[in-house]
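# Summary of the model geometry
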Amino acid sequence: MTANEDQEMELEALHSIYEGDDCFKELSPVSFQFRIGDLDDSKSFLLEVSWPESYPESPPHISLDAFFNNRISLETKQYILSKLSEQVEANLGTAMMYTLFEWAKENQETLMENHLPATSTVTLIANSDVMNNSTSVSKKKEKKEQLTKAQKRKLIGRTDNKGELPRGWNWVDVVKLSKTGGKDED
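In short, a report on the structure.

Definitions and limits used
- Throughout, residues of each chain are indexed from 1 in the direction in which the sequence is written.
- Reporting of local features is limited, given that this is a predicted model, to residues whose pLDDT is at least 70; pairs of side-chain atoms are given and counted only at 80 or more, and all residues count toward the totals for whole chains, interfaces and linings.
- In computing side-chain values, all of the structure's heavy atoms are included and hydrogens and water are not.
- Here a strand is any run of E in DSSP of at least two residues, a helix any run of H or I of at least four, and the numbering for each starts at the N terminus.
- Between two residues, a contact is recorded if the distance between any of their heavy atoms is within 4.5 Å.
- We treat two strands as partners when DSSP finds at least two bridges between them.
- Remark: nonpolar core denotes a set of buried residues (Ala, Val, Leu, Ile, Met, Phe, Trp, Tyr, Cys) joined through side-chain atoms within 4.5 Å.
- Exposure is judged per residue with a 1.4 Å probe applied to protein chains only, and the accessible area is read against the type maximum: over 50% gives exposed, under 20% gives buried, and values in between give partly exposed.
- Just to be clear on terms, a salt bridge is a Lys or Arg side-chain nitrogen sitting within 4 Å of an Asp or Glu carboxyl oxygen.
- Every axis corresponds to a line fitted to the C-alpha atoms, with the helix fit spanning only the stretch in contact, and the corresponding angles, defined between N-to-C directions, vary from 0 to 180 degrees.

Of note, serine 31 is situated in strand S2 (residues 31–36). With near-sequence residues (within four places) excluded, serine 31 lies in contact with Lys25, Glu26, Val49 and Ser50.

As structure tokens, then:
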């Protein structure tokens, strides 16, 4: 049997096994994603596996680079990949995707034992950053409106891709006029 025939048979088997399973996603006929654990589980991770042309005689390429895994430390990722590569070596020459996915599911706790979820800390930092950013953004906007004459001349000369000046380039700010306008009447 050729490598392509082996791949086609394994692909059919994966389709029938994981049909309707939201943990399994086929990116292409030789590239897959498989989520180990539930979406809301802090110890879940996403395996990306792709087959080289000579698979299953050659090992598949396994990656944990998906954005889903961004909260997992580099050490934990390296540990998971080293343990998975041991399984790959043990199953080299045979269809191994199902075996790898099931082994990873069964050993999820062991693989992620050194992972410390940092969701609460990240949330607190993110909230304080958002608050700091919103106040600094409003300050920046006020500064941005106060352009020098040279900056205004530069802006007037800018045109869009059709050679037209931007909409509102010659509009007058009514609020500023009322502040700087004529004499107050008694």
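Once that is clear, we can look at unusual backbone geometry. Glycine aside, residues mostly have negative phi, and peptide bonds are mostly found in the trans state. With an omega of 10 degrees, the peptide bond running from tyrosine 55 to proline 56 counts as cis. Along the polypeptide, proline 56 turns up in the loop between strand S3 (45–50) and strand S4 (61–63).

Turning our attention to the pairing of strand S1 (residues 24–28). Strand direction decides the pairing type here: S1 and S2, joined by 4 bridges, are antiparallel. What sits directly across from glutamate 26, in S2, is phenylalanine 32. Connecting S1 to the next strand, S2, in antiparallel fashion are 2 residues.

Quick look at the nonpolar core now. Leu14, Phe45, Leu47, Leu84, Met97 and Phe101 are the most contacted members of the largest nonpolar core, which has 27 residues in total. Taken together, the elements giving at least two residues each to this core come down to helix H1 (3–18), S2, S3, helix H2 (74–91) and helix H3 (97–106). When residues of this core are assigned to their parent elements, the largest contribution, 5 residues, is made by H3. Beyond its immediate stretch of four places on either side in the chain, methionine 97 contacts Glu10, Leu14, Val49, Trp51, Tyr55 and Pro60.

Next up on the list: the pattern of salt bridges. Throughout the structure, instances matching the rule amount to 3 salt bridges. Close ionic contact of glutamate 86 with lysine 83 constitutes a salt bridge, the shortest N to O distance being 3.8 Å. Of this pair, glutamate 86 and lysine 83 both sit in helix H2, separated by 3 residues, roughly a single helical turn.

Turning our eyes to something else, we now look at the sheet that holds S3. Spatially, the 4 strands line up as an open sheet ordered S1-S2-S3-S4, and their pairing is antiparallel. In this open sheet, the two edge strands, each paired with only one partner strand, are S1 and S4. Neighbour to neighbour, the strand axes of the sheet diverge by 20 degrees on average, direction disregarded. Where S2 meets S3, 6 bridges bridge the pair, whose relative direction is antiparallel. By the bridge assignment, serine 31 is partnered in S3 with serine 50. In the packing of H2 onto the sheet, the strands contacted are S3 and S4, and the crossing angle to S4 comes to about 155 degrees. The sheet strands contacting H3 are S1, S2, S3 and S4, and the helix crosses S2 at an angle near 20 degrees.

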